Structure formats: structure tokens, C-alpha cells
Amino acid sequence: MSLFLISLDRLKLCKMNYRLKKVAVLGSGIMGSGIACHLANVGMEVIMLDIVTPDLNDEESNSIIERNKLVNSALQKTIKSKPAPLYHKSFASRIKTGNFEDDFQKIAESDWIIEVVVENLKIKKQIFEKVDKYRKKGSLVSSNTSSIPINLLAQDRSDDFKESFCGTHFFNPARYLRLLEIIPTNDTRQSVTDFFMEFGKVILGKQTVLCKDTPAFIGNRIGVMSATEMTLLTEKYNFGIEEVDAMTGSLIGRPNTATFRLQDLVGLDTGDNVSRFVAENVKNDNYIDQLKDRPEPNFMKFLLKNKFLGNKTGKGFYEKTSKKDKNGKSIINALNIKTLKYEPAIRPKIDFIKATKGIGLMNKRLQYIVEGDTIYSQFFAEYFGQLFSYAAARVPEISDQYFPIDDAMRTGYFWDFGPFEYWDLIGFELGISLIEKVGAEVPQWVRKMAASGKKHFYKFEEGKKKYYNISSNDYAVIPGMESFLILDSFRSQTPLIKNSESVVHDIGDGVLCFEFTGKSNSIGEGVGKALIEALKIAEEENWKGIVIGNNAKQFSVGANLMEIGMIAMQKQFDQLERFVDNFQQINMKIRTSKIPIVVATQGYVFGGGCEIAMHCDGGIYASESYIGLVEVGVGLLPGGGGTKEFALRASDDFFEGDVQSPTLINYFKSIATAAVSTSAYEAFDLNYLKKGRDEVCINTNLNIGLAKEKVLGLAKNYIPPSARDDIHVLGRAGMGVLYSAINEFRMGEYMSDYDVEIARKIAYVLCGGDLTSSQQVSEQYLLDIEREGFMSLLGNQKTLDRIQYLLMNNKPLRN
Amino acid sequence: MEAYIVKGYRSAIGKAKKGGFKNYRSDDLAVDVIKHMMTKVPEIDPKSVDDVIVGCANPEGEQGLQIGRLISARSLGKEVPGVTINRYCASGLEAISQAVSKVRAGFGDIYIAGGIESMSMIPMTGYKLSPSYKANQENLNYHVGMGHTAEAVSVKYNITREAADKFAYESHQKAAKAIDKGKFIDQIVPVEVEDVFVKDGKKITTSHIVSVDEGVRRDTTIEGLSKLRPVFKKGGVITAGNSSQTSDGAAFTLVVSEAIVKKLNLTPIARLAACSVGGVEPLYMGIGPCIAIPKAIKQAGLKLSDIEQTELNEAFAAQALAVIQEAKLDPETVNVNGGALALGHPLGCTGAKLSIQLIEEMKLRNQRYGMVTACVGGGQGIAGIFERL
């Protein structure tokens, strides 16, 4: 591992001839507005143009406000949509708007012009003609089309345009779906393609995938086949749609929107359009050809004919009714695909699913899934057989190598595994036999691979992830991942420390990486023990510092509730208090250790995970980090130093002459409402992150590498912080303020009586207790009253009920 | 000796944070109104004013630093003293009542009394929200937010969301009609506000005139109001649409003794026959007028039926409806030109503003007795009975 991996990465980008700051987005629909927002997220100055508002009268057509109404309302609608397209609402100011008639000349200032107008060749060509006229020479131009050949769009344009032009296909929502397909034409300059591949990754935080100019490119091409096959098999095996959704979600490593909920979400018409487009435009696609013998199921025809197109029309495969069940929840209907009537959706109870869920290891689980002799196994065996054959046969048609197909499906469809990764999990030979069983083709290159004795599509070697290169018939390092610190690459070396909840690796250059490995990276005694050991080793054996981070989806869901709940229910309070005290002391050790410790996060950074992060010297937070002290949800207060840390931070924010109460309320609210940030940027507002200490990185895969660099940077001039005894707390004056705030929450029925009790304990700790004057106290004093509050809540049956409910139902109980 | 109201003027009421006065300080506004009023009574030498009594609900920040004194010195001369008083939403009426009391006691002859508020500039909770820990131990409702008191009143007195929305709708309708008829023109002092700002990188100096109340939403509908979400309580009654608006404004009256009236040959327009205050449980502060009204009527030696018109401050539609119901007021005679739901509620100014509006409207209708009443945060009510002369 080189010392300057990431710098090199940025350097590579800097050496390229393009520096982007100003971007023009042409078209303001859902996609256009979404892309504009994401460009604003990464600091671009965006100008978004669309047509003049149609049907204006004479007076209105002289008003700029009226003329821009269409583009402005489209943008506003997107900004308000959920999940939020912006990392922080203030980023909206980076987007300016205008219209094609009055403002087109403004694209002359743009470094990149991206077209996102309606999918119509003629209209797009008209737009590009204007772009060609107004753009500055050398600026980049791209189209977000999902269906029109990129080559056609470049026709009739100037040479400079053609050389600077390619397809850049984002997926909706642009912020959240990481896939970005880059589609060069024959005329596209190599440096332009290279630039977009790199820029998309480093600056936009995307998984860039190099595509060929083939129908629907990579993601949607495979996606169409997968959805079609699922739908056909549902009919063939006579399954209910709820059954198929239960089988094809998290069970096989896919989002819980699974098959039919996903179609409802996307819109059945949209799905149908893409499918038809693919069917009409592909060549030499055996799967599509044989669909002629597999007619579209009746239920699809029924839904499309009646315009039951999914969520946007109120019903599709599912229907949300206005009726409520006895718990006050809306009753959801599901389409019975035989009777074509909507009936209350059921929760399928299938032994097969239960048995499968019990298998933790994904390879064993998938093998079980396809090898059984139930109809469920037959369903999956057919599906995977078709999927493997189809994906493999698309090489080299849609991509010269297969790994971009996996990249695309993981990041564009939120699959945990792409087709070839599934294949590896199921096993190479078993995969081939699945293909043969459904009578599909096993492509020549796979035969060749088998013949040469290669039995894995991927493997880790020498700290690198490698793929089987079909032209060289040998394994090679996956390009574009040089700058990612993938912890899997270190699995082959002997870790410094390892237990059931954590591993410590040497990640080179004198830096250790502390990785959580428990279920959902929860924190229990194992983490505590390993952390103490790691700190000791690092301090005594001359390491430069520690990165706390991992490559999992969630950084950490917090303390191991199961462990705490069990001990509390057995009333082993002494043991619990020791546990809490230990966790507090570990966090204090992190804060005061002699070496720099930097956290790298992504996904959930909850509770105890958040407390650990707050005690580090700083952090590299992936923008998609959802951060919060969520303890209130289980009837607790942050007891690992989190509440103490908030009192400390509030104290540091007070200044001479400050009225203090607004600051105090601001800190209190985050904990008392268990506020979770919707991005790392928002976490600054909630006080989980601190300016100047914590940083945000856009590409999740870069966070550990950047954290390592931060450790090395800090190590050069490191002064270890000491435990503090100058924390300014407000005592009763502060509690008066917070008690009133809590009372209002209670009156508004936003808090239950028990919430009030918890909130008052938080107020007590934040204010340093009911002191009659404001004064300075030590961290340890605050930790002591924090622990006291935590323990008293744990002694309450209502807290135990909350913990139990969350563990059983995976959602919080309000009692 | 009897005290008489000789003149009364007010500013238009601006929408807080959005309207014409959002960047205009309330002391400046008061100076404009008082100076204008004095030009209408040339018989009185401004320096002969005994005191300026300024009601203000949040006398801090821009309204701190002895704003009453600042206003008296700037509008009449440094020889004239000034005082700031605070009975929250009743401050403006309380100021008039204090001026009248001082004249009657023989402490002085000429007073300027009224109120101000810039809700654009001062947060309703003040800059440093500091509820008392000890008071909170005794009763959490000492410091409860106004919206929550209105929710509590709506529950206790069975005021429905529908009734509240309808009341709000009617307030807007009546106010729009009153403005269209020009009913407020004579009482409003048009104020010119200077605007200096940077646009497209250049400094621009211009100004605008505020002369019409800004709060009325002419296009509001009951359907529209019914779609708004409750602000304070899940499934509650109180929405932004059926609550009073936050506003900026200033209103002042000139109160003189009988001797001055005779000496300078002035024409009084009204006298304050009685003014009472009373206390209630803070949680139900909205019902406060029901305690103050009977007291004031008794003090004035009248019956409720003698009151021909009432200005009842619409802090919340639910609260106003509860007062009308419990105090047995005739809805037809209450807020004939709409109320705070449409015209705004600049806290400390409101009592004086409503008094001026009432007297003017009584003149048009040739009425003798009228009443101004308001609920007061913290659990109080005020009622003042005016006799038109």
C-alpha cells in the first residue's frame, strides 16, 4: 500500500485536461433536477435550463418569473422530494435556473453540458445543434439518454463537439443510485472517456461503468431480463406476488422492494417501455428471441390496459387502501394474479423461506436455495440459470469484460451481488449445470474458462481483488480500484487482533485499521476488549495511529442491544454498570490516547457507534452516512460518553456574553428526539460532526484511504488531548429551559410520559445536574451522572419493553 | 378630574419578517406615529406632554435600552420623559389605562399612551429563553407556549377545527371588506421606509410606503384553511391559518385632563369608562377575558347589553370562539371589521390599536359604549370599556 494512494488518485484527475466547476443541465424533469441537485452536492455551480413555461398570455410572456416557472417548480418539487436529493438544503443555492430561449447563451461559460430532455431523437438533436452553437470549444457535452444510441445524437455536429461528447447515464434518484454508465462513441476522445470514468468516481462518488453503445447499455439490459424472467416464472409456478416478493428480497441479497414492489415503484409503464425498447432493438439475443414462445402473462396485460401502473397511479401489483386495520395502519391489497382481483396482502408463511433465512453464509444459503427439490428451489434454479446464461452471453456484446456487469447491478439495482458474484457464491460448476438445465447457452468464453481449470470469477490475491480476464485467459487486477482500501484484501494476512466482534489489520505505512465484524457491526464486550488491546499495541509498538472503519453497508448500528437487554432482564445491574463504565472509559481512552485515531464511516452510525466516532480525533464521513444518537428510541440516554460529549461541545460553543439557551436547546434536541442525519453534511447541524475536525467524502469507497491519510497527517504534529475539567454547565438555569421545552413536546403529544422522563434525565446530564449556579465541571463528573441516568433508565420495565420490542420487531416502541 | 382621549393614530400593521416593516425598527415607527398625531393637535406644545407610556411585550434587543424613553425624546424632545410598560398582549390598552389613571389622580394633564411591537426583530420568546427551574417545579404551565394554551382551551370548551377555520375565514372576509371601504384610512399614518440594498453587486437606494394593513388573505377559503396541518399538537385544532399573525406596528393615543380640554378648547372623542384585569390558570390563558369583562362592566356601572360593539383580540380563533361562548357576547357585535387572524397581532401595540379602531367604528355607527378585550399570556385577561363622546 502506497502512502499517497488517494493523492495519486486526485493527482491523476488533476493531470487530465479538464477541471469542472460550472455545469449546465438541460432539462428539468425528475432526472434533470435530480442530477442538478447531485452536482450541487459536490460543489458544482449548476445552471439548469428548460423550455419556457407553455401557454403564457401576452403579459406573462414578458415576465421572467412566469417564463421560468416550469423549470423552477420542477426543481422545487425535486428538492422537496424524499429521500432528499441534496446533502444539505443550503446547497440548493448552487443551482441557478433559466430557459432555453432567454438563457441558452449562458452555456458558453459551462465546463460540462449534460442533456436530460425528453427521450426524443429529434428534440435532442435540436438541443445539441444549439449546444454546438453556444458552447465554448473544449467543453464537455454528454447525454443522459437511456435508450437513444449515443452515435445518433452526435451526428451532424462539429468535430470538436463529437470529440468531446459521450453518454453519461445516471440512475434515478441520482444522489442515491451509485451507477453511472459512461458510453463513448467512435469519435469520443479517449481522454474524455478516461476523464468521465475518473471524475464520476472521485468527484461524483459514483461507480462508473464503461459501456458500449448497445440498447439499454448494461444496467437496464440485465435488469429487463431479470424482471421479465421473474414475472414469467411467477406465472409458471403459480406463486402469489407477495410470495415472490418475500423470496426475492433480502433473502437473496436484494432490496426488500424485491420484484413486484420494485415494478410498482418504478412504474409499470416505464418498465414496459424499456422492455419493449430492448426487445425491438437488440440483435443476436437468444433470450429475447425465445420470449416469442413465452407470452406475456395475463396479469401484466390487465395492469397495463387498466393503467394500474404502480405507486404513481395508486395501484399496481399492490394497492394502498384508505381503510385502516385495528392498529391504525393502512390496509395494503395485493393483486391476485389468477382472479385479477385485489385482496388484502398476506405475509407468506413459507417453510422454505424460514429455513433459508437460518443459513447465515450467503454461499451456503444460495446453494441451498437452488439445490432443493421444492417448487421454490425449481423457481430459483431456473431464474439463476437464465440470469447466468444471459449475463455471460452479453460479453463481449455490451462489455469486453464481465466485471462491469456486476458493478452495474450492484450499484444501479442495489443488488448485493452481480450475476457473476452470485455465480461464484453458488459455485462455478453448479452454475453451469443450472444453465444447462434450463436449456440456455453456455457461452464459449465460460467453456474456455472451465477448460483451463479456472473456477472463480473473482479472487483476492496480494491484497488486490482480481477478475478473470477473458482475452488473456488469466486473472488480473480490477482497474479503477487502486485507490480504494478494501479490507477484504487484508484477509489473507494474519490480523494483529481478532475476536468475534472485531479485527485489527496493519493497513500499511504504520497505520492500523480497527474493523467491527459483529452482526450489523454492533458493539459489545468484544469490541471493547479489542479496542483496549489495539490502543496498547499502537502506543507501545510505535504505530502512527489507528483508523476505525469498515467496508460494510453500516458502519455500526450501536451497542449490542441483545447483550444489554439480556443482562438487564436478569437484573445483573453490577455487571451492566461495569459494562457501561468500561465503554465510557474506552471512549475516553480513544480521546486521550497518545496516537491519532480517525474514524471512517458510511451508512448507519448509530448510538454507541456514533459515540466512538465523536471521541476520535476526527473523521472521514462518507456523504451517505446516517448519523444519530438514537438511544431514546430504546428508552435510554447515550451512556458511552455521548451525552457528556454533547455537554462538552455545547460548553465549547458558549462565548462571552452568549445567551446560551438556544445553543443548549439545539444540542438537547438532537439527543432527545433521537435525530438521525440524512447525510453527513446534515450531521454538522445536529452537532454530531464538528467543522474543522470532521470531513465529508463523496465516494464511500474512499473513506478508509482518506482516514489513513488523515491519521498520517495528524501524526506529524500530534498533541494528544487531555481529559477536561473546564466544561461549562448551566445547572438549574439550563434545566428550567429544557423542562419547558420538554413540556411543550408532551403537550403536543410528540412525547409520551415516559419520553418525558427520559428527556428530563438527558436534560439533567447536559446541565450538569440541578446545580444552583452555572459552573465548570470535569468530564468524569459528567460521565458519572450520565452512567447514573443510563442505569436508572435500564431499571425501568418500560425501557426493557422498548428494547425487547425493537429486537423482535425491528422498529421502536412508544410506551 | 375626568380624562379624555383626544386623538388616536396607528401605523398600518405589517406582516412580520415578510412585510413592509420587516427592517424598520418599532421606535422609528412610534416616532412617526406620535409626530403625525401632534401635527393634528397644534394647540398642544409637544414639550408640555407629561409622559409617554409605551406598551411593549418584548422590551429587549431592538426594543430594549429604555425604548419608551427613546421614543419620547425623539418624537417630542428630550424634556419629555417616557416609560416602557409590559402586560404582554394587553400592554397597549394597559398604557392607555395608566395614562387615564394618572390624569384622574391629578399626577399630570397630558399623556401619550399606546404600544409598539416589532415581531420581525424580536423573537416571541425573547432572545434568551429562560424559564424558571423553580416555577417549573410548581407549575409547568407558567411557561407554556401560546399555541398549546389554545389547544387546551379548544378541548375544554369544545371548539372544533371546523368552527375555528370558519371563524378565521370570516375574519379575513370582514377585514378585506373594511379595507375596501377605506375604514382604516383616517386612523393610519402612512410611513415611508428607506431601502438600501445590494442587487447584482450594486448598491441601490430606494423607499416604499406602508399605509395598508398587510395581513389579509383575500383568496383564502375554508377548504384551503381546512387543509393546513396542526402546528402544536398531533391531530390538534390550531393551525397557522386559525392563529393570529405575527406583525409589526405602533399605535398611540393622546390622553388629556378635562382642564386641558377646556383651556385649549379641544374636542374629546372618547373616555375610558372602566378597565379591569383578571387572572386565570396559565394553561387556559385564552379564556382570560371572561374574568375581566364582568369586572369592567360592573365598574362602569353598565350591563353587558349596553355594550354595542366589542374588539376581542383574536389570538387564536379557538380562543376567541371560547370567549364569545363563555362571556355570552353577541357574535354580531364582535370584531365587525375582522380581527388579528386577518389584520395581525403586534403584541404590545395591539391593545392601543384595537382601541383606536373601536372608537373610529363607533363613530361611524353612532354608538355610545364599546369594549376592547384581550387574553394575556401567562393567564390573564383585560377588558376596557370606552364611552364615545
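Look up: the structure comes first, before these words.
Residues numbered from 1 in each chain as written. Chains lettered and ligands numbered in written order. Predicted model: local features only at pLDDT ≥ 70, side-chain atom pairs only at ≥ 80, totals over all residues.

Section: the overall build of chain A
Item 1. Each helix and strand counted, chain A has 34 helices and 23 strands in total.
Item 2. With respect to the three principal axes, the spread of C-alpha positions in chain A is 80 × 70 × 60 Å.
Item 3. For chain A, the residues scored as buried account for 49% of the 815 residues in total.
Item 4. Relative to all contacts within chain A whose residues are 6 or more apart in sequence, the contacts with residues 24 or more apart total 70%. (Helix = DSSP H or I, 4+ residues; strand = E, 2+ residues; numbered from the N terminus. Buried ≥ 20, exposed ≤ 12 C-beta atoms within 10 Å, placed from the backbone. Contact = placed C-beta atoms within 7 Å.)

Thoughts on the overall build of chain B
Item 1. Counting its secondary structure elements, chain B contains 12 helices and 13 strands.
Item 2. Taking 21 Å as the expected radius of gyration for a compact globule of 389 residues, we find that chain B reaches 20 Å, a close match to that expectation.
Item 3. In terms of its C-alpha atoms, chain B occupies a principal-axis envelope of roughly 65 × 60 × 50 Å.
Item 4. Classification of the 389 residues of chain B by burial places 58% in the buried group. (Rg over C-alpha atoms; globule rule 2.2 N^0.38 Å.)

A word on the environment of F384 of chain A
Residues and elements named next belong to chain A.
Item 1. Positionally, F384 belongs in helix α18 (residues 375-393).
Item 2. Of the residues examined, F384 has 24 C-beta atoms within 10 Å and is grouped as buried.
Item 3. As a C-alpha pair, F384 and I435 span 51 residues in sequence and 7.7 Å in three-dimensional space.
Item 4. Once residues lying within four places of it in the same chain are set aside, the contact partners of F384 are V370, Y422, I426 and L434.

Remarks on the interface of chain A and chain B
How big an interface is tends to be expressed through the accessible area that disappears when the partners come together.
Item 1. Contact with chain A, which involves 15 residues of that partner, is made by 16 residues of chain B.
Item 2. In terms of residue count, the dominant contributor to the side of chain A that touches chain B is helix α31 (residues 732-747) of chain A (10 residues).

Some points on the environment of K320 of chain A
Residues and elements named next belong to chain A.
Item 1. Looking at the element boundaries, K320 is found in strand β9 (residues 318-324).
Item 2. For K320, a count of 13 C-beta atoms within 10 Å translates into the label partly exposed.
Item 3. In this structure the C-alpha to C-alpha distance between K320 and I742, which are 422 residues apart in sequence, comes to 35 Å.

Focus: unusual backbone geometry
Item 1. The residue after N172 of chain A, namely P173 of chain A, is reached through a cis peptide bond having omega -5°.
Item 2. Tracing the chain through its elements places P173 of chain A in the loop between β6 (165-170) and β7 (179-184).
Item 3. For the bond running from V395 of chain A to P396 of chain A, omega is 10°, close enough to zero to count as cis.
Item 4. Secondary-structure assignment places P396 of chain A in the loop between α18 and α19 (403-412).
Item 5. Of note in this structure, K17 of chain B is not a glycine but carries a positive phi near 70°.
Item 6. Position of K17 of chain B relative to the elements: it lies in the loop between β2 (14-15) and α1 (26-39).
Item 7. For K17 of chain B, a count of 14 C-beta atoms within 10 Å corresponds to the partly exposed category.

What about the sheet that holds strand β8 (residues 207-210) of chain A?
Residue and element names in this part refer to chain A.
Item 1. The strand order across the open sheet formed by eight strands is β3-β2-β1-β4-β5-β6-β7-β8, and the pairing between neighbours is mixed. Single-partner strands in this sheet number two, and they are β3 (95-99) and β8. On average, each strand axis in the sheet is inclined to that of its neighbour by 25°, with strand direction left out of account.
Item 2. In this sheet, strand β4 (residues 112-115) lies alongside strand β1 (residues 22-26) in parallel orientation, the contact comprising four bridges. (Pairing = 2+ DSSP bridges. Axes fitted to C-alpha atoms, helices over the stretch in contact; angles between N-to-C directions.)

So, the environment of R10 of chain B
All names here are of chain B.
Item 1. Tracing the chain through its elements places R10 in strand β1 (residues 3-11).
Item 2. Along the sequence, R10 and G55 sit 45 residues apart, while their C-alpha atoms lie 14 Å from each other.
Item 3. Discounting residues that sit within four places of it in the chain, R10 has contacts with V33, Q187, I188, G249, A250, A251, K353 and I356.

Quick word on the nonpolar core
Most often, soluble globular proteins keep nonpolar side chains buried together rather than apart.
Item 1. Counting residues in each nonpolar core, the largest one holds 230 residues, and the members touching the most others are V547, A763 and L766 of chain A.
Item 2. Sorting elements by how many residues they give to this core places α18 of chain A first, with 12 residues.
Item 3. Beyond its immediate stretch of four places on either side in the chain, V547 of chain A contacts I507, V511, C513, V598, A600, I704, A707, K708 and V711 of chain A.
Item 4. Membership of the second largest hydrophobic core comes to 129 residues, among which are F232, I269, V372 and C375 of chain B. (Core = buried A, V, L, I, M, F, W, Y, C linked by C-beta atoms within 7 Å.)

Description of the sheet that holds strand β12 (residues 458-461) of chain A
Residues and elements named next belong to chain A.
Item 1. Reading across the sheet, the three strands line up as β12-β13-β14 and stay open at both edges, with antiparallel pairing between neighbours. In this open sheet, the two edge strands, each paired with only one partner strand, are β12 and β14 (474-477). Taken over all neighbouring pairs, the strand axes of this sheet differ in orientation by 40° on average, direction set aside.
Item 2. One ladder, built from four bridges, connects strand β13 (residues 464-469) with β14; its direction is antiparallel. Paired with N469 across the bridge in β14 is D474.

Description of helix α25 (residues 573-592) of chain A
Residues and elements named next belong to chain A.
Item 1. In a regular helix each residue adds 1.5 Å, so 20 residues correspond to 28 Å; α25 covers 28 Å between its end C-alpha atoms and thus fits that length.
Item 2. Within α25, the full set of buried residues consists of L576, F579, V580, F583, Q584, I586, N587, I590 and R591. Down the axis of α25, the sector holding all buried residues measures 155°, keeping them to one side. Seen from the open side of α25, the exposed residues pointing more than 90 degrees away from its buried face are D574, Q575 and R578.
Item 3. Looking at the buried residues of α25, the elements they touch are α23 (525-540), α24 (561-569), β19 (597-606), α26 (607-615) and α33 (779-794). (Expected span 1.5 Å × (residues − 1). Arc of directions from axis to C-beta.)

A short note on the packing of helix α6 (residues 161-180) of chain B against helix α10 (residues 317-326) of chain B
All names here are of chain B.
Item 1. Contact pair α6 / α10: the axes reach a minimum separation of 8 Å and the direction vectors enclose 95°. With respect to α10, the element α6 is oriented roughly perpendicular. Mapping the contact onto sequence places A163, A164, F167 and A168 in α6 and A317, A318, A320 and L321 in α10.
Item 2. Class assignment of the residues belonging to the contact of α6 with α10 gives a composition of eight nonpolar, no polar and no charged. (Parallel < 35°, antiparallel > 145°, perpendicular 65-115°, else oblique. Nonpolar A, V, L, I, M, F, W, Y, C, P; charged D, E, K, R; others polar.)

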